[in-house]
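Geometric and topological summary
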Amino acid sequence: MSMSYAVKNLAHGSRELIAFRIGDQEFSVNIMSVREIRGWTQATPMPHAPAYVMGVINLRGAVLPIVDMSARLGMKEAEPTARHVIIVAQVKTKIVGLW
């Protein structure tokens, strides 16, 4: 898994997207779903969590689950570096960290 970010704002009609890279593939998220982009923080593992959930972090007093997007999408794993980020996004009614 490698989520490095080349934060590009792309305008497609009336939508603005944040683009990010996982491995050699580029993905995007609607900018209205993104709460913030923060540097990598080590997650605390959670027992019995799905394999794609790296764990949780403390985000200003709130427990934020961190989802390893490469594992979720069945891609090759990678070690986090200083260039990696966590995209804090709202998915329906939940707030999650996408790595």
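Our structure's up above, just so we're on the same page.
Structural notes, computed from the coordinates. (Residues numbered from 1 in each chain as written. Predicted model: local features only at pLDDT ≥ 70, side-chain atom pairs only at ≥ 80, totals over all residues. Heavy atoms only, no water.)

Points about the overall build of the protein chain
Threshold: Numbering of helices and strands runs from the N terminus, with a helix taken as a DSSP run of H or I at least four residues long and a strand as a DSSP run of E at least two residues long. Buried, partly exposed and exposed residues are distinguished by accessible area as a fraction of the type maximum, computed with a 1.4 Å probe on protein chains only: under 20%, between the cut-offs, and over 50%, respectively. It only takes one pair of heavy atoms within 4.5 Å for two residues to be counted as in contact. Accessible surface area values rest on a Shrake-Rupley calculation with a 1.4 Å probe, where residue burial reflects the displayed protein chains alone.
Helices and strands together make up the secondary structure of the protein chain, namely 1 helix and 8 strands. Order of helices (α) and strands (β) in the protein chain, N terminus to C terminus: β-β-β-β-β-β-α-β-β. For the protein chain, the residues scored as buried account for 31% of the 99 residues in total. Here the analysis covers contacts within the protein chain between residues at least 6 apart in sequence; of these, 45% occur between residues at least 24 apart. Carbon and sulfur atoms provide 52% of the accessible area of the protein chain, an area that totals close to 6,400 Å².

A look at the pattern of salt bridges
For the record, the criterion: For salt bridges, the criterion is a side-chain nitrogen of Lys or Arg within 4 Å of an Asp or Glu carboxyl oxygen.
Applying the stated criterion across every chain yields a total of 3 salt bridges. Here Arg 38 and Glu 36 are joined by a salt bridge, their closest N and O atoms 3.7 Å apart. Arg 38 gets classed as partly exposed once you look at its relative accessible area, which sits at 23%. Here Glu 36 ties to Arg 60 by a salt bridge, and the two come within 2.5 Å at their closest N and O atoms. Of the two residues, Glu 36 is situated in strand 4 (residues 34–39) and Arg 60 in the loop between strand 5 (53–59) and strand 6 (62–67); the sequence distance between them amounts to 24 residues. Arg 60 sits in the exposed class, given a relative accessible area of 65%. Several salt bridges converge on common partners, so that one network encompasses Glu 36, Arg 38 and Arg 60.

Digging into the nonpolar core
Applicable threshold: Grouping buried Ala, Val, Leu, Ile, Met, Phe, Trp, Tyr and Cys residues that are joined through side-chain atoms within 4.5 Å yields what is termed a nonpolar core.
Residues Ile 18, Phe 20, Ile 22, Val 29, Val 34, Val 67, Met 69, Val 85, Ile 87, Ala 89, Val 96 and Leu 98 constitute the largest nonpolar core, which totals 12 residues. Of all the secondary-structure elements, those providing two or more residues to this core are strand 2 (15–22), strand 7 (85–91) and strand 8 (94–98). Not counting residues up to four positions away in its chain, the partners in contact with Ala 89 are Ser 33, Val 34, Arg 35, Lys 94, Ile 95, Val 96 and Leu 98. Of all hydrophobic cores here, the second largest spans 8 residues; its members include Ala 43, Leu 59, Leu 64 and Ile 66.

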